[in-house]
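Descriptive structure summary
Residues per chain, in single letters:
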Amino acid sequence: MAPDASGADPRISASSIRLRKGGEPVVCLTAYTYPIARLLDDHVDLLLVGDSVAMVLHGHKTTLGASLEMMIAHGQAVMRGSTKACVVVDMPAGSYEATPRQAVASARRVVGETGCQAVKLEGGVTVARQIAAIVAAGIPVMGHIGLQPQSVESDGGYRIKGRTDENVAALYRDAEAVEKAGAFSVVIEGTVETVAADLTRHVSIPTIGIGASGDCDGQILVIDDMVGLTVDRVPKFVKQYADLRSVVSQAAASYAAEVRSRTFPGPSHVFSAAADKSEP
């Protein structure tokens, strides 16, 4: 994005999010499209182009249906619709796990083709080298620990984290690894509330909760879940602030009834032989 008249970039940066640790909560939502990005941009600090797009918009059963090309296409759309928020694009499964070199190449492609401010990848200890390599290449990274949707098949389902001493210890190792590798923030998903709160106090980078704790340094939800557009099961941790399913369904029903009764289109929705000033 071009700088404003003062020469400063008006978009929120990853480094400014990093400085929010312990301060005003960071407001985050997912966005996958141009119109949604435009609607959300004034109200949030960070827009995540999540690999959840594979499920939400493309109908896949898990996030494993996301590809690098899919993430880039949606990232481009969100960047076109956003001028203020820090935009972070998810690295899809298979695009970074093999080696740090693969991770850097994928991250460079995402940033180069979208113009986003940062990338996000899942994992802690197992991907610390990848995070460090991407950061060393000059690309900010958001981490993601706790419940990791890309690992849902190997985990045997969506399992809440932090319910055993062994798992809690693993979460601490992951949080520390992500922090040490240079991530500017870390998402904590599907984790026992007290554990997520303790992790937030333990690390020096902002934690972004989703099904975690109100003590996290910020919160994120999937936009379709939050506004009641999700047609499948909504997770327990979601609060629905609107019921757009009903609005869309009722609008479609009204449209269908008017088409069948030939009351739509009416006189104001068709063009006459004489041009009207309101017409294109």
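Residues numbered from 1 in each chain as written. Predicted model: local features only at pLDDT ≥ 70, side-chain atom pairs only at ≥ 80, totals over all residues. Heavy atoms only, no water.

The chain has the name 3-methyl-2-oxobutanoate hydroxymethyltransferase in an unreviewed UniProt entry, where Mesorhizobium prunaredense is given as its organism. What UniProt states about the chain under its Subunit (unreviewed entry) heading is, verbatim, "Homodecamer; pentamer of dimers." Per UniProt, the chain has the following entry under Function (unreviewed entry): "Catalyzes the reversible reaction in which hydroxymethyl group from 5,10-methylenetetrahydrofolate is transferred onto alpha-ketoisovalerate to form ketopantoate." (UniProt positions renumbered as here; feature names shortened; annotations may be inferred.)

**Here's the deal with the pairing of strand β5 (residues 141–146)**
For β5, the buried fraction is high: 6 of the 6 residues fall into the buried class. Both strand β4 (residues 118–120) and β5 contribute to a ladder of 2 bridges, which runs parallel. Each residue of the ladder has a partner; that of lysine 120, found in β5, is methionine 142. Crossover handedness for the path β4 to helix α6 (residues 128–136) to β5: right-handed. Judged from the 5 bridges that link them, β5 and strand β6 (residues 185–189) form a sheet pairing that is parallel. The partner of isoleucine 145 across the bridge, within β6, is isoleucine 188. (Buried < 20%, exposed > 50% of the residue type's maximum accessible area, 1.4 Å probe, protein only. Helix = DSSP H or I, 4+ residues; strand = E, 2+ residues; numbered from the N terminus. Pairing = 2+ DSSP bridges. Right-handed = clockwise from strand over helix to strand, strands pointing away.)

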